[in-house]
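# Fold and geometry: a report
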Amino acid sequence: MTVILPEFLATLDAGSNAVLVAPPGAGKTTVTPLTLLAEASWLEGQKIILVEPRRVAVRGAAARMASTLGEKPGGTVGFRTRTDSAVSARTRIEVVTEGLLLRRLLADPLLDGVGAILFDEVHERSLDLDAALAFCLDIQREMRPDLRIVAMSATPDGRAFTTLMQAPLIESEGRQYPIDIRHTRDIPHPRDLPAVCANAIRTALAQEEGDILAFLPGVSEIRRTQAFLGEDVPVFPLHGEQTTEDQDRAIAPSTQRRVVLATSIAETSVTVSGVRIVVDGGLRRAPRLDANTGLSRLETLRISRATATQRAGRAGRQAPGIAIHLWSEATQRSLRPQDAPEILVADLTDFALVTAAWRDVMGTDPDTLPLLDAPPAGVLAAGRELLRELGALDDGDRITELGRRMASLGTHPRLAAMLCAARTLPEQVTAACLAALLEERDPLRPRPNTRGGPSAGADIRTRLALFERDDPRADRTSVFHIRQSAKRFLRRMGGRDLPLLPLPDYAGALLAAGFPDRVAQAAGEMGRFRLAGGGSARVSANDPLAREKLLAGAAFHTRTATEITLAAPLDPANLPATLLERTREQVETSLDGTSGRIIARRRLRLGMLVLRDRNEELTPEEAQTLLLQQVASDLTATLDWTDAVRQFQARIAHARRTYASYLPDLSDEGLSASLGWLEPYLAGCDRLAQVRALDLLSILRARLEYADLADLDRNLPPRLVLKASTHDIDYTTPVPTVSARAQAFYGTARTPLLANGQVTLQCALLSPAGRPQAITADLAGFWKGSWADMRRDMRGRYPKHDWPEDPATAEPPKPRPGRSGSR
């Protein structure tokens with residue numbers, strides 16, 4: 001590091017940002033801030049903020065820098081985490097977590113008194129890091145050009161930040177000692193990892209020198225590995241659920257040889273003193289969004305090559321070391337180069353809230369923030385939709401007053417909404433305890449070697465009881481963390497220290513405030529529930545919650561199906577106000593399949609659920625409106641469209657095209673455009689049968705004035721009167737047509753005129769058997785021409801009928817008594 005410090009200082013002296021890449025052990029975390037404090041004149045008494053990804057790294061970095069100055073944390077160098085802090089008026093270097101920096105930026109966006117912000121381990125690409133860095137760059141761009149921003153990385157992919165930050169790249173080779181990397185065979189299944197890791201540790205203890213640091217994916221694997229190692233091996237666990245004292249004990253120098261079993265917490269920024277051997281299981285747990293359920297869940301994943309390299313580097317910080325990879329060289333070649341940034345794979349609800357809060361204080365559109373990777377549009381939209389459902393955003397995606405309160409609490413928006421829903425002191429205590437339970441690991445989760453014991457079930461009220469009394473099934477470390485976390489939540493809510501005595505009866509209502517989309521309603525089979533947000537979930541049929549009608553679900557787990565792992569009952573008859581605010585009441589109608597009667601039901605809906613459902617008495621006006629809606633949905637099926645109605649419609653259409661364009665449009669399309677013409681006739685109706693019984697022809701004729709009807713009958717008569725008979729005219733064909741036996745047209749010299757000749761009339765001449773023989777719009781021409789051929793054919797087939805040579809002058813036969821000549 002000493003080689004590049006002059007270049008680094010010169011870069012910042014010139015007012016530029018910087019990207020610093022140095023391998024593990026090079027000293028960037030501790031040397032860089034102290035050098036700036038000692039030599040950067042432009043700081044002028046301002047603070048340096050060093051941002052670390054984990055609490056243990058925050059405390060470790062502050063302790064090492066304070067020790068270098070001969071002080072303790074809280075003097076020149078201080079720190080803040082979610083759980084504790086050590087700062088004073090003398091503090092010039094403040095080490096904080098990424099989450100705390102986000103909260104500080106929202107409260108004090110100008111960062112008064114801060115001259116430089118150093119982001120450590122940026123290659124990890126957490127969501128909080130991406131958001132905090134984007135906010136700082138936005139401040140620098142708009143308000144604080146004097147602010148220096150430094151991105152520090154232990155891997156080469158830190159170079160990607162140079163373009164985003166418009167900063168030069170400064171690289172250090174560091175002082176990494178050589179590392180002997182050894183590969184083993186692939187582990188058949190992840191459940192075999194603790195046994196394989198324990199064997200590798202025992203072998204290394206027997207054959208090599210130095211302390212051992214073993215990487216495992218989670219706490220359960222640490223405990224199982226420790227059990228395999230036995231009590232004769234000095235084991236020090238290191239993970240995020242420990243107390244501060246236990247974590248410090250694991251990383252502090254020791255005179256005895258030891259084994260540290262750690263999660264990914266030890267990958268960066270933490271030097272475990274004395275380590276010469278790294279045993280890497282090659283797995284880690286990370287949150288991933290399940291696209292099928294919309295829920296985030298922890299998945300056990302293979303690490304990337306970059307992470308494997310960084311873990312191996314832990315063995316070469318103080319002397320030459322050994323890295324034992326519990327996978328083959330072939331698997332090593334197949335590892336992905338880098339871990340996916342969290343912004344591309346995680347739930348983005350919290351990101352959507354903090355960026356909306358940032359727009360509220362700075363006016364910056366979230367879509368224009370300087371980010372290395374754009375968040376997936378669909379996941380971000382889902383996060384914003386949930387925030388609207390929680391009441392944190394309005395319809396324009398602007399933060400609401402409730403959203404501001406939620407953002408100030410510095411926790412997931414669901415938990416923040418639950419905390420904000422608590423009004424009275426007992427509710428606040430209960431909400432704080434619930435939030436702590438949900439933020440930490442379930443203290444009653446099954447533990448190793450307890451399979452077959454009594455199940456704690458999914459009722460979160462069982463966990464609330466842990467605040468009052470001990471339970472032998474509970475994990476003591478988890479309970480300790482949960483109680484401490486509940487106290488912090490109470491302080492964030494502005495409350496004083498109160499006894500942690502939650503009231504279980506409040507649990508369901510409070511959970512529903514933060515998880516309205518996970519309200520679950522019983523659906524037939526015992527233990528199966530429908531979710532307000534869509535889909536279904538289940539509770540074990542043996543769980544008492546399986547008998548409840550309504551649950552407020554909080555924690556789910558997805559295997560082959562979605563299981564509710566933490567929930568509380570809700571009273572359907574006494575729903576909380578926070579839930580009622582998110583419901584909608586609707587009067588929904590349907591048709592009785594037998595009677596055709598309109599049935600109305602008043603339903604209270606929450607998402608996909610119907611929370612209340614009862615019959616609704618309809619007023620005559622409501623019935624009329626609903627019948628109109630039904631007619632509008634299917635005009636042709638609900639009314640009685642007789643042939644006479646269709647003929648009348650067709651006559652009006654011909655009239656509008658020729659002599660009377662002012663007449664109303666009575667086509668199906670015209671009638672559907674507005675049903676005001678039908679509305680008066682539905683008074684007193686409450687079923688479709690009554691609608692269908694209406695005299696539709698009379699209703700349509702009533703839309704015309706008497707004079708218009710008279711003109712219509714004169715210009716476009718419904719029937720054609722011939723010498724001896726009357727016949728209907730079919731106006732529904734492309735050309736109006738009158739059909740009759742040929743003899744009916746005898747004595748008619750020419751085709752009758754319609755609408756003063758503006759509408760053509762066709763004559764269809766039928767045989768005595770009623771079959772069409774000729775169609776003509778010119779009778780005079782037909783009698784003189786084609787009639788001779790038809791006459792010759794008809795005389796042969798129907799010799800008893802009269803077939804004159806000149807029908808135009810012949811008399812038509814008189815109708816037989818009792819028979820009509822009309823259709």
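So, how was this worked out
- Residues numbered from 1 in each chain as written.
- Predicted model: local features only at pLDDT ≥ 70, side-chain atom pairs only at ≥ 80, totals over all residues.
- Heavy atoms only, no water.
- Helix = DSSP H or I, 4+ residues; strand = E, 2+ residues; numbered from the N terminus.
- Rg over C-alpha atoms; globule rule 2.2 N^0.38 Å.
- Buried < 20%, exposed > 50% of the residue type's maximum accessible area, 1.4 Å probe, protein only.
- Contact = heavy atoms within 4.5 Å.
- Lys, Arg positive; Asp, Glu negative; His and termini not counted.
- Charge placed at Lys NZ, Arg CZ, Asp CG, Glu CD.
- Arc of directions from axis to C-beta.
- Pairing = 2+ DSSP bridges.
- Axes fitted to C-alpha atoms, helices over the stretch in contact; angles between N-to-C directions.
- Salt bridge = Lys/Arg side-chain N within 4 Å of Asp/Glu carboxyl O.
- Domains from an automatic or database assignment.
- Polar contact = N/O pair within 3.5 Å; in protein donor to acceptor, adjacent residues only side chain to side chain.
- Core = buried A, V, L, I, M, F, W, Y, C linked by side-chain atoms within 4.5 Å.
- Parallel < 35°, antiparallel > 145°, perpendicular 65-115°, else oblique.
- Left-handed = near helix turned anticlockwise from the far one by under 90°.

The name that an unreviewed UniProt entry assigns to the chain is RNA helicase, with the source organism given as Gluconobacter morbifer G707.

So, on to the overall build of the chain. Check the secondary structure of the chain and you find 30 helices and 29 strands. Rg of the C-alpha trace for the chain: 42 Å, well past the compact-globule value of 28 Å for 823 residues, more than 25% over. Referenced to the eigenvectors of the C-alpha coordinate spread, the extents of the chain come out at roughly 135 × 60 × 55 Å. Counting only residues that meet the buried cut, the chain has 52% of its 823 residues in that class. Considering only residue pairs separated by 6 or more positions, the chain has 66% of its internal contacts joining residues 24 or more positions apart. Between the mean site of the 103 positive side-chain charges and the mean site of the 102 negative ones, the chain shows a separation of 4 Å.

Moving on, we get to helix α8 (residues 219-229). Burial in α8 covers these residues: V219, E221, I222, T225 and L229. Considered in projection along α8, the buried side chains sweep an arc of 160 degrees and stay on one side of the axis. Count one or two residues on from α8 and you reach G230, which has phi positive near 85 degrees.

This part is about the environment of E622. If you trace the backbone, E622 turns up in helix α22 (residues 620-633). Along the primary structure E622 and D686 are separated by 64 residues, whereas in three dimensions their C-alpha atoms are 9.4 Å apart.

Below, the discussion takes up the sheet that holds strand β2 (residues 47-52). Taking strand neighbours across the sheet as the criterion, the eight strands line up as β4-β3-β5-β2-β6-β7-β1-β8 in an open arrangement whose pairing is mixed. Edge positions in the sheet fall to β4 (85-86) and β8 (169-171), since each of these pairs with one other strand and no more. Looking at chain direction, strand β3 (residues 77-80) and β4 are connected through two bridges and run antiparallel. Paired with R80 across the bridge in β4 is S85. Most of the contacts of helix α4 (residues 98-107) go to strand β5 (residues 93-97), to which it runs at about 105 degrees, and overall it touches β2, β3, β5 and β6 (114-119).

Moving on, we get to the pattern of salt bridges. Using the criterion set out here, one finds 44 salt bridges in the structure. We note a salt bridge from E401 to R404, for which the minimum N-O separation is 3.1 Å. With E401 and R404 both in helix α15 (residues 401-408) and three residues apart, this pair spans about one turn of that helix. Residue R404 is classed as partly exposed on the basis of its relative accessible area of 33%. Within the structure, one salt-bridge network assembled from shared partners comprises K47, R80, E94 and R104.

Among the six residues that make up strand β13 (residues 275-280), five are buried, leaving the element largely enclosed by the rest of the structure. As paired elements, strand β10 (residues 211-215) and β13 share five bridges and run parallel to each other. The residue bridging A214 from the neighbouring strand is V279, located in β13.

What follows deals with the sheet that holds strand β16 (residues 321-325). Sheet architecture is open: six strands sit in the order β9-β16-β13-β10-β12-β11, paired in parallel fashion. Lying at the two open borders of the sheet, with one neighbouring strand each, are β9 (179-183) and β11 (235-238). Across the sheet, the mean angle from the axis of one strand to that of its neighbour is 20 degrees, orientation sign disregarded. Packed onto the sheet, helix α9 (residues 244-251) meets β11 and β12 (259-262) and runs at close to 125 degrees relative to β11. Packed onto the sheet, helix α10 (residues 305-313) meets β9, β10, β13 and β16 and runs at close to 150 degrees relative to β13.

Turning next to the domain arrangement of the chain. Split by domain assignment, the chain resolves into domain 1 (4-171), domain 2 (179-344), domain 3 (635-714) and domain 4 (720-797). Summarising the inter-unit geometry, the C-alpha centres of domain 2 and domain 3 are found 82 Å apart.

Looking at where N17 falls in the secondary structure, it is placed in the loop between α1 (5-13) and β1 (18-21). Of the polar contacts made by the side chain of N17, one reaches the side chain of Q140; its length is 2.7 Å. A distance of 3.2 Å separates a polar side-chain atom of N17 from the backbone oxygen of M165. Apart from residues lying up to four places away in sequence, N17 is in contact with T11, L12, L137, Q140, L147, R148, I149, M165, A167 and P168.

A word on the nonpolar core. Core analysis: the biggest nonpolar cluster contains 102 residues, and L101, L105, I117, F119, L511 and V519 have the highest contact counts within it. The element contributing the most residues to this core is helix α5 (residues 127-142), with 10 residues. Those residues in contact with V519 that sit more than four places away from it in its chain are A512, R530, L531, A532, L550, L551, L570, L579, L606 and L609. Membership of the second largest hydrophobic core comes to 58 residues, among which are V631, L696, L765 and A774.

How two helices sit against one another is set out by the angle between their axes and by the gap between those axes. One way to put it is that α15 packs onto helix α16 (residues 413-421) with a least axis distance of 9 Å and a crossing angle of 110 degrees. By the criterion of interaxial angle, the relationship of α15 to α16 is roughly perpendicular. Judged by the twist between their axes, the crossing of α15 over α16 is right-handed. For the pair formed by α15 and α16, the contact residues are L402, R405 and M406 on the first element and P413, A416, A417 and C420 on the second.

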